[in-house]
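So you can see what is in the structure, the chains are spelled out below.
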Amino acid sequence: MKRQLLFPATAMAILLAATAASAETAPVSAATEECLGCHATLHPGIVADWEQSRHARVSPAEGQAVQEAGRRVSATEIPDGLRHTTVGCAECHTARGDRHADTFEHNGYEIHVVVSPDDCAACHPVERGQYDGNLMAHAYANLADNPLYAMLERTISGAVTLQGGRMDFAPPDDLTRADACFHCHGTRLAVAGRQTRDTDFGELQFPVISGWPNNGVGRINLDGSLGSCTSCHTRHRFSIALARKPETCQQCHVGPDVPVYKVYAASKHGNIYTAMKADWDFEAVPWTAGTDFAAPTCAACHVSLVVDPEGQILNQRSHRMNDRLAWRQFGLIYAHAHPLSADTTQIRNQDGLALPTSFDGTPAETFLIDANEQAARRRAMTRTCRACHDPSWIDGHFQRYENTLVTTNAAVRSATQIMQRIWKDGLADPVNPFDESVERRWSDAWLFYANATRFSAAMAGGGDYGVFADGRYQFSQAIIDLDDWFRFRSAKK
Ligand code: HEC
Ligand code: HEC
Ligand code: HEC
Ligand code: HEC
Ligand code: HEC
Ligand code: HEC
Ligand code: HEC
Ligand code: HEC
């Protein structure tokens, strides 16, 4: 039996409760009330999540009235039609309808499914603008449009076939790509057609979206914008508390190529977070070092606006996380000064390849930040540390970290010299540098072990990730294996 278009009892109760609970709560728009009328029973999970969000309580006008450091709405101009009601289903899902390829007629409204960063920008333009300068926003193209990285992707996720007895990697199909690398990097969404579905409210037509669902950081949206704010602020709670907790970043930064979450969990900061977080306040804006939290989470070091107990701003918030990053330690294949642009496909090294360094370690300098900019970014990062540490502690930490970049780069150089001899002597084929077992051993050295060692040094991970847990032990072992392989094969030849 089909449901009626009348408010079902539960939806009515939810709406009444929402109104009763807060006489001071801003009103819900008429359009959103209609959405809630059906969706409260269709998707009780979505509606409950939204009801607990600030979007369901605070109007943009009230948000704008909050003073500087406590303010959550960065827009100075918000269209009048949006200012005085809560931010409900209709406010987000009908925004900029003409820009979204998935816009469709839905019970009298032109709605789209995939609400994008550009829709959020009506009220949060600063966050949206900064995020565009973050490597994360460009994570799709940085991988898919770089020929060498695309080859790496194909050699990991592609279908292995035998061509005349020889192994070959066919490009992975779209479903595999969405399930593998682009789960984190973000998919490219496209409208693949329309379908009519039999629903509780009769037959309705919906767009069919390929690449969906996905909340990867560099998702290419149906209005052409980049990224998914829900990577860190899941819908429909859109919570700041969630984004401030390291478990959110764990989804993608967990390793073994990028074991940051594991490093953090094993660090003193992570110990304190795990043991004491129940006493902390993850909702407070601004966030006060010492009283709201006693040790930094990922967010505190990389993103957050942090104040002291007097309310003095110690560090400004930024969604462009490289504002605080002097180096790119993630080695492709060496650690190097951070790229100037978050679109790394533009980089050309001295050999003309789209890599930030050449195989001998020479940085592609014109595409990377200079020493002055590195110093400014280091100051930006350490402004947060100084809430809790003395400069001698902080300087000692960064001295060790930068030394680790030098020593791991030197070891990657040695591994690469052995690999180059292997290629030169015709013992392996360099056309695809990732598809032979000895080449994989070389990749292990820079992709897993050099990186783990550096992450451990950068984020105070203590012993294991720098030594025995994919650290220096395995790193040196991989180089020994390469050398052994080379000696054995060249002796046989
Ligand atoms: C008459 C009832 C009704 C009203 C009013 C209504 N919806 Fe829906 N909506 C549905 C049904 C039914 C579905 C499909 C659910 C299913 O198949 O389980 C749906 C699906 C959706 C989807 C998901 C589409 C997809 O393919 O992923 C979104 C987004 C959505 N509605 C948003 C809204 C918004 C925003 C409003 C208000 C402007 C609204 N709806 C008003 C009944 C309604
Ligand atoms: C990679 C994770 C991440 C992504 C992606 C992300 N954010 Fe955030 N966001 C955070 C963190 C962490 C905070 C908490 C900052 C703080 O503590 O000051 C935050 C805070 C916010 C706040 C609250 C600001 C305030 O003044 O209180 C808003 C609004 C926001 N983000 C909007 C967005 C929008 C819009 C997008 C998409 C363009 C987005 N975020 C994408 C991590 C993220
Ligand atoms: C602040 C903006 C915002 C508001 C308010 C909002 N949505 Fe959404 N909604 C989104 C975003 C963003 C996504 C897509 C998530 C992503 O990027 O991965 C989404 C996705 C959805 C989907 C598809 C997700 C799925 O799991 O199938 C449905 C259905 C939906 N919203 C319904 C609603 C309903 C009903 C309401 C009102 C209670 C609502 N939305 C309010 C931003 C919003
Ligand atoms: C029409 C305006 C509007 C739109 C569009 C909008 N927001 Fe908001 N947002 C607000 C308001 C108002 C608040 C609450 C301000 C306050 O409490 O002072 C808020 C608060 C937030 C917060 C802080 C929540 C917290 O727990 O402190 C985040 C994060 C956020 N929005 C993310 C988003 C994202 C992501 C989108 C797009 C999917 C979006 N918003 C779309 C107006 C908007
Ligand atoms: C679990 C999430 C996840 C998956 C799956 C994933 N990556 Fe990544 N990738 C990351 C993260 C996180 C970074 C950033 C590392 C950093 O900055 O420390 C990254 C960065 C990269 C970069 C650097 C791009 C640049 O120019 O900045 C390349 C190349 C890359 N990944 C390749 C791949 C390939 C190939 C696959 C699939 C075989 C893949 N990734 C799968 C999370 C992921
Ligand atoms: C859905 C996956 C995903 C989530 C969740 C995620 N990241 Fe990322 N992050 C990535 C990928 C992928 C890259 C690398 C993009 C590239 O190099 O092209 C990256 C890059 C970064 C960078 C380098 C940015 C730059 O411009 O140099 C930082 C810092 C970072 N992430 C921190 C965080 C923090 C902190 C969180 C949690 C609040 C987080 N990430 C959540 C996938 C994710
Ligand atoms: C104590 C502060 C601190 C905490 C906590 C912290 N980081 Fe970092 N992070 C750093 C520093 C310092 C660097 C190196 C900065 C530089 O190279 O200039 C860094 C570098 C990074 C990078 C850049 C890697 C690259 O290759 O460019 C990513 C990604 C990252 N952190 C993610 C995270 C995530 C995710 C968490 C939580 C699980 C986290 N960080 C926790 C301080 C911190
Ligand atoms: C909110 C306070 C706070 C902030 C901010 C903070 N730390 Fe810490 N940190 C601590 C506390 C507390 C400890 C534990 C000290 C102890 O061992 O008793 C600690 C421990 C450390 C350690 C561990 C030393 C060891 O031998 O295990 C290092 C290194 C460190 N911090 C570096 C940093 C750096 C670098 C930053 C900034 C990027 C930073 N911290 C930001 C509170 C903070």
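Residues numbered from 1 in each chain as written. Chains lettered and ligands numbered in written order. Predicted model: local features only at pLDDT ≥ 70, side-chain atom pairs only at ≥ 80, totals over all residues. Heavy atoms only, no water.

For ligand 3, the set of nearby residues contains 22 residues, the closest of which are Cys89, Cys92, His93, Arg235 and His236. The contact in question runs from an oxygen atom of ligand 3 to an N or O atom on the side chain of threonine 230, over 2.9 Å. Counting only elements with at least two residues in the shell around ligand 3, the list comes to α2 (30–42), α3 (44–51) and α6 (89–93). Its residues assigned to classes, the shell around ligand 3 comprises 11 nonpolar, 9 polar and 2 charged. (Near = heavy atom within 4 Å. Polar contact = N/O pair within 3.5 Å; in protein donor to acceptor, adjacent residues only side chain to side chain. Helix = DSSP H or I, 4+ residues; strand = E, 2+ residues; numbered from the N terminus. Nonpolar A, V, L, I, M, F, W, Y, C, P; charged D, E, K, R; others polar.)

Next up on the list: the site of ligand 1. Taken together, 18 residues lie near ligand 1, and Cys35, Cys38, His39, His106 and Asn107 sit nearest. Interatomic distance of 2.7 Å between a side-chain N/O atom of histidine 106 and a nitrogen atom of ligand 1. A distance of 3.2 Å separates an oxygen atom of ligand 1 from a polar atom in the side chain of arginine 197. It is α2 that contributes the most residues to the shell around ligand 1, 5 residues altogether.

So, about unusual backbone geometry. Note that the residue after glycine 255, namely proline 256, is joined by a cis bond; omega there is 10°. Take proline 256: it is sitting in the loop between α14 (246–250) and α15 (260–266). Omega for the bond connecting leucine 332 with isoleucine 333 falls within 30 degrees of zero, at 0°, which places this linkage in the cis form. Locating isoleucine 333 in the fold gives a position in the loop between β10 (327–328) and β11 (336–337). Phi at arginine 96 takes a positive value of approximately 50°, unusual for a residue other than glycine.

Taken as a whole and assessed by the stated rule, the structure comprises 15 aromatic pairs. Plain terms: the ring middles of phenylalanine 468 and tyrosine 473 are 5.8 Å apart, the flat faces sit at 45° to each other, and that makes the pair tilted. Taking the ring centre of tryptophan 287 as reference, the NZ or CZ of arginine 244 above it sits at 4.2 Å. (Phe/Tyr/Trp six-rings, centres within 6.5 Å; stacked < 30°, edge-to-face > 60°. Lys NZ or Arg CZ within 6 Å of the ring centre and 35° of its normal.)

Once that is clear, we can look at the confidence of the model for the chain. Put simply, the chain has an average pLDDT of 94, and 95% of its residues get 70 or more. Low pLDDT, under 50, characterises residues 1–23; the predicted model gives this stretch 24 contacts beyond four residues in sequence or across chains. (pLDDT = per-residue confidence, 0-100. Contact = heavy atoms within 4.5 Å.)

To continue, consider the coordination of the iron atom of ligand 1. Ideal coordination angles are 109.5 degrees for a metal with four donors arranged tetrahedrally and 90 or 180 degrees for a metal with six donors arranged octahedrally. Looking at the metal site, the iron atom of ligand 1 is ligated by His39 (NE2) and His106 (NE2), spaced 2.0 Å from it. If you look at the iron atom of ligand 1, its 6 donor atoms make angles of 85 to 179° with each other, and the shape they trace is octahedral. Of this pair, histidine 39 sits in helix α2 while histidine 106 sits in strand β1 (residues 104–106), and the two are 67 residues apart along the sequence. According to the relative accessible area criterion, histidine 39 is partly exposed, its value standing at 24%. Accessibility expressed as a relative area gives 13% for histidine 106, which makes it buried. (Donors = N, O, S within 2.8 Å, 3.2 Å for Na, K, Ca; no water. Tetrahedral: all angles 85-135°; square planar, octahedral: opposite > 155°, others 65-115°. Buried < 20%, exposed > 50% of the residue type's maximum accessible area, 1.4 Å probe, protein only.)

Space left empty within the atom packing is revealed by a probe, the size of a water molecule, rolled over the atoms. The full count for this structure, using the stated rule, is 1 cavity of 30 Å³ or more. There is about 100 Å³ of room inside the largest cavity. Lining the largest cavity are Leu148, Tyr149, Leu152, Leu332, Ile333, Leu355, Phe359, Pro433, Phe434, Trp442 and Trp446. Those elements giving two or more residues to the lining of the largest cavity turn out to be α10 (147–157) and α20 (437–458). Counted by class, the lining of the largest cavity contains 11 nonpolar, no polar and no charged residues. (1 Å grid on protein atoms, 1.4 Å probe; cavity = no way out; pocket = protein on both sides within 12 Å on 5 of 7 lines; lining within 4 Å. Points joined across faces, edges and corners; volume = space filled by probe spheres on them.)

Residue pairs three or four apart in sequence face the same way in an α-helix, which turns once every 3.6 residues. Of the positions making up helix α8 (residues 125–132), those classed as buried are Glu127, Gln130 and Tyr131. Taken end-on, α8 shows its buried residues confined to a sector of 100°, consistent with a single buried face. (Arc of directions from axis to C-beta.)

To continue, consider the coordination of the iron atom of ligand 3. The protein atoms that coordinate the iron atom of ligand 3 are His93 (NE2) and His236 (NE2), at distances of 2.0 Å. Viewed at the metal, the 6 donor atoms of the iron atom of ligand 3 are separated by angles of 86 to 179°, and the geometry they form is octahedral. Pair noted here: histidine 93 is in helix α6 and histidine 236 is in the loop between β6 (202–210) and α13 (240–244), with a separation of 143 residues, a long-range link. You can call histidine 93 partly exposed: its relative accessible area is 21%. Residue classification places histidine 236 among the buried positions, given a relative accessible area of 16%.

Taking 1.5 Å per residue, 21 residues should reach 30 Å; helix α21 (residues 472–492) reaches 30 Å between its end C-alpha atoms and fits that length. Those residues of α21 that fall on the buried side of the exposure criterion are Gln474, Phe475, Ala478, Ile479, Leu482, Trp485 and Phe486. Each buried residue of α21 lies within a common arc of 145° when the element is viewed along its axis, so the set occupies one face. Exposed and oriented more than 90 degrees from the buried face of α21 are Asp484, Arg487, Phe488, Ala491 and Lys492. (Expected span 1.5 Å × (residues − 1).)

This part takes up the sheet that holds strand β8 (residues 306–307). Spatial ordering of the open sheet is given by β7-β8-β9, a layout of 3 strands whose pairing is mixed. At either margin of the open sheet sits one strand with a lone partner, and together these are β7 (287–288) and β9 (313–315). Pairing of β8 with β9 involves 2 bridges; the strand directions are antiparallel. Across the sheet, the residue bridging to valine 307 is isoleucine 313, located in β9. Relative to β9, helix α18 (residues 371–385) is tilted by about 125°, and along the sheet it contacts β8 and β9. (Pairing = 2+ DSSP bridges. Axes fitted to C-alpha atoms, helices over the stretch in contact; angles between N-to-C directions.)

On to the packing of α18 against helix α19 (residues 391–424), then. Across the interface, α18 lies against α19 with an axial gap of 11 Å and an inter-helix angle of 135°. Viewed along their axes, α18 and α19 adopt a mutual orientation that is oblique. Seen along the crossing, α18 lies across α19 with a hand that is right-handed. Residues Arg378, Met381, Thr382 and Cys385 of α18 form the contact with α19, whose own contacting residues are Ile394, Phe398, Tyr401 and Glu402. (Parallel < 35°, antiparallel > 145°, perpendicular 65-115°, else oblique. Left-handed = near helix turned anticlockwise from the far one by under 90°.)

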